[in-house]
Amino acid sequence: MSSVEDRVRKIVVEQLGVKEEEVNAEASFVDDLGADSLDTVELVMALEEEFETEIPDEDAEKITTVQQAIDYINAHQA
Amino acid sequence: MLKGEIALVTGASRGIGRAIAMLLAEQGATVVGTATTESGAAGIGQALTEVGHQGMGLVLNVSDQASVDAALAQMTEAFGAPSILVNNAGITRDNLLMRMKDDEWDSVIDTNLTSLYRLSKACLRAMTKARKGRIINIASVVGAMGNAGQTNYAAAKAGMMGFTKSLAREVGSRGVTVNCVAPGFIDTDMTRSLPDAHRESLLSAIPLARLGQPEEIASAVAFLASPGGAYITGETLHVNGGMHMA
Ligand SMILES: NC(=O)c1ccc[n+]([C@@H]2O[C@H](COP(=O)([O-])OP(=O)(O)OC[C@H]3O[C@@H](n4cnc5c(N)ncnc54)[C@H](OP(=O)(O)O)[C@@H]3O)[C@@H](O)[C@H]2O)c1
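Since the model is a prediction, treat every value here as computed from it, not as a measurement. (Residues numbered from 1 in each chain as written. Chains lettered and ligands numbered in written order. Predicted model: local features only at pLDDT ≥ 70, side-chain atom pairs only at ≥ 80, totals over all residues. Heavy atoms only, no water.)

Undergrad: I'd like a rundown of the environment of Val 12 of chain A, residues and numbers included.
TA: Residues and elements named next belong to chain A. By secondary structure assignment, the location of Val 12 is in helix H1 (residues 4-16). Given a relative accessible area of 1%, Val 12 falls into the buried group. Between the C-alpha atom of Val 12 and that of Lys 62, which follows or precedes it by 50 residues, the distance is 16 Å. (Helix = DSSP H or I, 4+ residues; strand = E, 2+ residues; numbered from the N terminus. Buried < 20%, exposed > 50% of the residue type's maximum accessible area, 1.4 Å probe, protein only.)

Rendered as structure tokens:
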């Protein structure tokens, strides 16, 4: 099974339609990867599905970069 | 024309909702129609399958979130998530404002307007993911014109139109359209309960000089749901025999 990092990157590439090399750890979804507010909502939904977890709205708001998404999943996975 | 589509029509046990459910099914969609009772749901299922259409009836109370969740889970399990949502269920509790009771106000706002919030939210995830979807809300000419004795109903119906425009802007980029169909005076249980004198005076204000039939609302809904309606969003389509010209 691929690492959390790889899976998160794959989702970001798919959801935002960006190139893999653009998706570095510090990339901000909105500022660097061109996501709008609906994109970020869909991104969180895709993460929820991939990792079979529920991300509450308060937490979702704080996930604004690739690294934050990876950290969140790592911290909340069983 | 609607082959491969999966439609959810609320309030399909009778009247306008029934006509919408039957027409969408006739055009090839798989249709789930809802009623508030088991017997109503069974009647919808029977009406569909009797003529060889694909679909079923379900029990749904649009003013109860748990009921919305349960109906959508059942529907998704049976056929998949809806690609067409028709918010048709609605009630009237007419009264002059000075006599209106809290529960008359609350139940009309909840059943006619808050239901859009509940149902649309529940269906949007699958629609945005599919990059395709149609949400069609059955408003009313009263939401545009106003009507004495219907402050609650008119507020809910005008509210639907504002909701529709806003949501259309939110999800347009995902290929989901959101529109209203606003019926005028249609021959259903809802209008049969009006006193004769009131019906007469209403008729005199309709250039086409007759009530509309539920099928005439259904055909407007089917148009918006069809590929031919793809470039229309945030709009209210008035179907009222000329009673109100927007
Ligand atoms: N008739 C008109 O002239 C007219 C004009 C303008 C707009 N409209 C609108 O068109 C829509 C349909 O009207 P209609 O004349 O066909 O009404 P109707 O004959 O009175 O039927 C109403 C439908 O809504 C369902 N319903 C009521 N409360 C519900 C709830 N809490 N949860 C789920 N379903 C519920 C009913 O289910 P049950 O059978 O189980 O009770 C029934 O299927 C309404 O939104 C109405 O406001 C009608």
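Undergrad: Requested: an account of the pattern of salt bridges, with residues and values cited.
TA: Under the defined criterion, the tally for this structure stands at 16 salt bridges over all chains. Across the salt bridge formed by Arg 7 of chain A and Glu 50 of chain A, the nearest N and O atoms sit 2.8 Å from each other. With Arg 7 of chain A in helix H1 and Glu 50 of chain A in helix H2 (residues 37-50), this pair connects stretches of sequence that are 43 residues apart. Here Arg 174 of chain B and Glu 42 of chain A are joined by a salt bridge, their closest N and O atoms 2.7 Å apart. Of this pair, Arg 174 of chain B sits in the loop between helix H6 (151-171) and strand E6 (176-183) while Glu 42 of chain A sits in helix H2, placing the two residues on different chains. A single burial state applies to Arg 174 of chain B and to Glu 42 of chain A, both of which are buried. (Salt bridge = Lys/Arg side-chain N within 4 Å of Asp/Glu carboxyl O.)

Undergrad: Give a description of the UniProt feature "active site" (unreviewed entry) in chain B that names residues and reports values.
TA: All names here are of chain B. In the numbering used here, UniProt assigns the feature "active site" (unreviewed entry) to Tyr 153. Looking at where Tyr 153 falls in the secondary structure, it is placed in helix H6. With sequence-adjacent residues up to four places away left out, Tyr 153 is seen in contact with Ile 91, Thr 92, Val 108, Asn 112, Ser 140, Val 142 and Met 190. (UniProt positions renumbered as here; feature names shortened; annotations may be inferred. Contact = heavy atoms within 4.5 Å.)

Undergrad: Just give me the short version of the side chain of Thr 65 of chain A, but keep the residues and values in it.
TA: All names here are of chain A. With respect to the secondary-structure elements, Thr 65 resides in the loop between helix H3 (57-62) and helix H4 (66-76). The exposure class of Thr 65 is buried, given its relative accessible area of 12%. A distance of 3.1 Å separates a polar atom in the side chain of Thr 65 from the backbone nitrogen of Gln 68. If we ignore the near neighbours within four places in the chain, the residues touching Thr 65 are Ala 25, Glu 26, Ala 27, Ser 28 and Phe 29. (Polar contact = N/O pair within 3.5 Å; in protein donor to acceptor, adjacent residues only side chain to side chain.)

Undergrad: Tell me about the UniProt feature "domain: Carrier" (unreviewed entry) in chain A, and please be specific about residues and values.
TA: Under the UniProt annotation, "domain: Carrier" (unreviewed entry) lies at residues 2-77 of chain A. Between the first and last C-alpha atoms of residues 2-77 of chain A the distance is 15 Å; the span itself is 58% helix and 0% strand.

Undergrad: Give me unusual backbone geometry: which residues, what numbers.
TA: Here Glu 52 of chain A, not a glycine, exhibits a phi torsion of approximately 45°, which is positive. Note that Glu 52 of chain A resides in the loop between H2 and H3. In this structure Glu 52 of chain A comes out as exposed when scored by relative accessible area, which is 75%. Of note, the phi angle at Ala 209 of chain B is positive, near 55°, even though the residue is not glycine. For Ala 209 of chain B, a relative accessible area of 55% puts it in the exposed group.

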